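# Geometric and topological summary
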Amino acid sequence: MAADYEGGNPAADHLCVLVHGLWGNPKHMVSVAKALRKQHSANSLHLLLVKRNQGSFTYDGIETGGERVFVEIQEELAAIRASGGNITKISIVGYSLGGLVARYAIGLLDAKGVFDEIEPVNFTTFATPHLGVRTPLKGWHSHVWNGLGARTLSMSGRQVFTIDEFRDTGRPLLAVLADPQSIFMSGLRKFKRRTLYTNIVNDRTVVHFTSGITKTDPYTDMSKVRAHFIPGYEGVILDPKNPVTPLPPKDVTFRSVADDTISYAKQLPIVALLVVLIPIGVAGFLASSVYQTFRSSQRIRLHELGQAPGIKTAEYRIPLLIRELRSAAEETYEGLNSASHDPEYLASSDESEDDKADNEIIALERKQSHSQALPTLALSACQFTMIKNLDSVGWRKYPVWIQNVRHSHAAIIVRTETERFKEGHVVLRHWLNEEFIV
């Protein structure tokens, strides 16, 4: 039996699809669904919390996940028509990896003509790694995260770390998703409103530059800036036009050697505990990853052969480009990406690049970095190109400063109902009051 917030009445003409993230399930989107239902009745808004791509199935890749979500949307539309309803508008919400899966599904919806009959209204992402999760951090943590992470999440890991070659394009899937000539960008452009919410600090899974689609980061040390909030959403939602300004040196909080010593002393028990637990956690995570990657490869094989339940793959393997055809573990994983090292920025001197086109992109970014107030992060050429292409469609970007929890990734959508995540309700309230169009 569907929960009160799911589904809708035949009178509802607007379908809103909620797509969870990696390791996720529909329950992770319940707070989002409840917030929507509180504001919009079942007579006006029909809610679909996707279920086909949950749990370890999220290992199977963005393409496979996107096809599953597309099928589920098609099935829901058919069921609504069969019950006497008529959907004329559609909105899609993606959380974390779910935002990338949703972008793939959007391309299929557009290419299959769904947007010719149903108007795309809102596309919203919360803490989605639009540029992947390759991190521009210094030190061994970066090498561990970029190397190990890419190889422990089956196809999804390869894709979000952009080390894959998607089909016969010779490029990472995320690059194809952001290609101006792709079905994915065509579908994205058709939405009335594209909105993203990005955690500026404490997100150990998806850091700000990738969820905010940006090459700079003014939030590396919040003690040195003054935050400016949107009226009515103080303490959580920063003003996107003027999020922060530097504090004068005299206003910067002074910490004595004694203060630092006390702070470090307080952390010693935690550090000692981590020294013991991290090796155990990593070993367990790697063992689980090997098993899940094996299971994932089997599911992908069945999917590709068209033998997965309810999926006829041949119906969705359509040209991707419009004008040009080109062929407990979670905590351990997140911990690798949360090392408190300084971000790495583009060096002033040229570095050798294997690809001439990539070298030209990096050189241009270095040149432009000198004229910017903030230094440019040391992203890859592929990521710089994705930023340019994605920004061309226009986004309403909202920086979110969640301060009451150490891990803001789950809090931004109130992934579980807990008092600790109450700041996430402010985010959802802003989205519904200021951004979501019915």
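Residues numbered from 1 in each chain as written. Predicted model: local features only at pLDDT ≥ 70, side-chain atom pairs only at ≥ 80, totals over all residues. Heavy atoms only, no water.

Let me state the cut-off plainly: UniProt positions are given in the numbering used here, feature names are shortened, and annotations may be inferred rather than shown by experiment.
Under an unreviewed UniProt entry, the name given to the protein is Putative serine esterase-domain-containing protein, and the organism recorded is Microdochium bolleyi. As recorded by UniProt, the Sequence similarities (unreviewed entry) comment attached to the protein reads in full: "Belongs to the putative lipase ROG1 family."

### Some points on the overall build of the protein
For the record, the criterion: We count a stretch as a helix when DSSP gives it H or I for four or more residues in a row; a strand needs E for two or more, and each element gets its number in order from the N terminus. Per-residue accessibility, obtained with a 1.4 Å probe over protein chains only, is compared with the maximum for each type, and a residue is labelled buried under 20%, exposed over 50%, and partly exposed between these values. Accessible areas in this description were obtained via Shrake-Rupley with a 1.4 Å probe; residue shielding takes into account the shown protein chains only.
When its secondary structure is counted, the protein shows 15 helices and 8 strands. Taken over 438 residues, the protein has a buried fraction of 53%. Split by element, the accessible area of the protein, about 20,100 Å² in all, is 54% carbon and sulfur.

### Brief notes about the pattern of salt bridges
Pairs can form between side chains of opposite charge once their charged atoms are near each other. Selection rule: Here, a salt bridge means any side-chain nitrogen of Lys or Arg that lies within 4 Å of a carboxyl oxygen of Asp or Glu.
The full count for this structure, using the stated rule, is 12 salt bridges. For Glu 75, the salt bridge identified is with Arg 52, shortest N-O distance 2.6 Å. Taken together, the residues Glu 75 in helix α2 (residues 62–82) and Arg 52 in the loop between β2 (45–49) and α2 connect sequence positions 23 residues apart. Glu 419 is the partner of Lys 422 in a salt bridge, and the nearest nitrogen-oxygen pair spans 3.6 Å. You can call Lys 422 partly exposed: its relative accessible area is 45%. The network of salt bridges with shared partners includes Arg 193, Arg 396 and Glu 435.

### Comments concerning the packing of aromatic side chains
We count it as follows: Centres within 6.5 Å are what make two rings of Phe, Tyr or Trp a pair, Trp counting through its six-membered ring; a difference in plane orientation under 30 degrees is then read as stacked, over 60 as edge-to-face, and the rest as tilted.
The full count for this structure, using the stated rule, is 10 aromatic pairs. Taken together, a centroid distance of 5.5 Å and an interplanar angle of 90° make the contact between Phe 126 and Trp 431 edge-to-face. Its relative accessible area of 0% is what places Phe 126 among the buried residues. By relative accessible area, Trp 431 is classed as buried at 1%.

### Digging into the sheet that holds β2
By definition, the strands of a sheet pair up through backbone hydrogen bonds, in either a parallel or an antiparallel sense. Put simply, the rule reads: For two strands to pair, DSSP has to find at least two bridges joining them. Inter-axis angles, ranging from 0 to 180 degrees, are taken between N-to-C directions of lines fitted to C-alpha atoms, where helices are fitted over the stretch in contact. Note on definitions: a residue-residue contact is assigned when non-hydrogen atoms from the two residues lie within 4.5 Å.
An order of β2-β1-β3-β4-β5-β8 is seen for the 6 strands of this open sheet, with the pairing classed as parallel. Of all the strands in the sheet, just β2 and β8 (396–400) have a single pairing partner and so form its edges. Shown here is a sheet whose adjacent strand axes are inclined to one another by a mean of 15°, direction ignored. Here 6 bridges tie strand β1 (residues 14–19) to strand β3 (residues 89–95), and the two strands are oriented parallel to one another. Bridging from a neighbouring strand, Leu 15 pairs with Ile 90 of β3. Across the sheet, helix α1 (residues 30–39) is in contact with β1 and β2; its angle to β2 comes to roughly 175°. Strands in contact with helix α15 (residues 422–435) are β3, β4 (119–126), β5 (193–199) and β8; relative to β5, the strand with the most contacts, it is inclined by about 160°.

### Points about α2
The cut-off we apply is this: To estimate the expected span of a helix, count its residues, drop one, and scale the result by 1.5 Å.
With 21 residues, α2 ought to run about 30 Å at 1.5 Å a step, and its terminal C-alpha atoms sit 30 Å apart, in line with that. Trailing α2 by a residue or two, Gly 84 shows a phi angle of about 95°, which is positive.

### Points about the nonpolar core
Going by this rule: Here the nonpolar core consists of buried residues drawn from Ala, Val, Leu, Ile, Met, Phe, Trp, Tyr and Cys, with membership extended through side-chain atoms lying within 4.5 Å.
Within the largest apolar cluster, 63 residues are counted, with the highest numbers of intra-cluster contacts made by Val 17, Ile 62, Ile 73, Ile 92 and Tyr 104. Elements represented by at least two residues in this core include exactly β1, α2, β3, α3 (97–111), α4 (114–117), α7 (173–177), α8 (183–189) and α13 (381–391). Broken down by element, this core gets its largest block of residues, 9 residues, from α3. Residues within four places of Val 17 in sequence aside, it is in contact with Leu 48, Val 50, Ile 73, Ile 90, Ser 91, Ile 92 and Val 93.

### Observations concerning the pairing of β2
Going by this rule: Handedness rule for crossovers: strands pointing away from the viewer, path from the first strand over the helix to the second running clockwise, crossover right-handed.
With 5 of its 5 residues buried, β2 lies for the most part within the structure. Every second residue of β2 is oriented toward a common face, with Leu 45, Leu 47 and Leu 49 on one face and His 46 and Leu 48 on the other, all of them buried. Alignment of β1 against β2, held across 5 bridges, turns out to be parallel. Considered in β2, the bridge of His 14 is made with Leu 45. What joins β1 to β2 is α1, and the crossover it makes is right-handed.

### Looking at α1
Extensive coverage of α1 is indicated by the burial of 7 of its 10 residues. Packed against the buried residues of α1 are β1, β2 and α15.

### As for the packing of α2 against α3
The criterion, for reference: These descriptions rest on fixed angle ranges, namely under 35 degrees for roughly parallel, over 145 for roughly antiparallel, 65 to 115 for roughly perpendicular, and the rest for oblique. Two helices cross in a left-handed way if the nearer one is turned anticlockwise from the farther one by less than a right angle. They cross in a right-handed way if the turn is clockwise.
The interhelical angle for the contact between α2 and α3, taken along N-to-C directions, is 60°, at an axis separation of 8 Å. Between α2 and α3, the angle falls in the class oblique. Considering how the two elements wind past one another, α2 and α3 form a crossing that is right-handed. Between α2, through Ile 62, Glu 63, Gly 65, Gly 66, Glu 67, Val 69, Phe 70 and Ile 73, and α3, the contact on the second element is made entirely by Leu 97, Leu 100, Val 101, Tyr 104, Ala 105, Leu 108 and Leu 109.

### Observations concerning the packing of α1 against α15
For the record, the criterion: Throughout this entry, Asp, Glu, Lys and Arg are counted as charged residues, while Ala, Val, Leu, Ile, Met, Phe, Trp, Tyr, Cys and Pro are counted as nonpolar. The remaining residues, Gly among them, count as polar.
Remark: α1 packs on α15, axes separated minimally by 10 Å, with the N-to-C direction vectors making an angle of 40°. The orientation of α1 with respect to α15, classified from their angle, is oblique. Crossing of α1 over α15 shows right-handed handedness. Where α1 approaches α15, its residues Ser 31, Val 32, Ala 35, Leu 36 and Gln 39 are matched on the opposing element by Leu 428, Trp 431, Leu 432 and Asn 433. Here the residues of the contact of α1 with α15 are counted per class, giving 6 nonpolar, 3 polar and no charged.

### Digging into the side chain of His 20
Stated precisely, the cut-off is as follows: A 3.5 Å cut-off defines polar contacts: any pair of N or O atoms within that distance qualifies, except that in protein one atom must be a possible hydrogen donor and the other a possible acceptor, and neighbouring residues in sequence count only when both atoms are side-chain atoms.
Residue placement: His 20 occurs in the loop between β1 and α1. Exposure remark for His 20: the relative accessible area of 3% places this residue in the buried category. A polar side-chain atom of His 20 sits 3.5 Å from the main-chain carbonyl oxygen of Asn 53. When sequence neighbours within four positions are dropped, the list of residues in contact with His 20 reads Asn 25, Pro 26, Met 29, Val 50, Asn 53, Gln 54, Thr 58, Tyr 95 and Gly 98.

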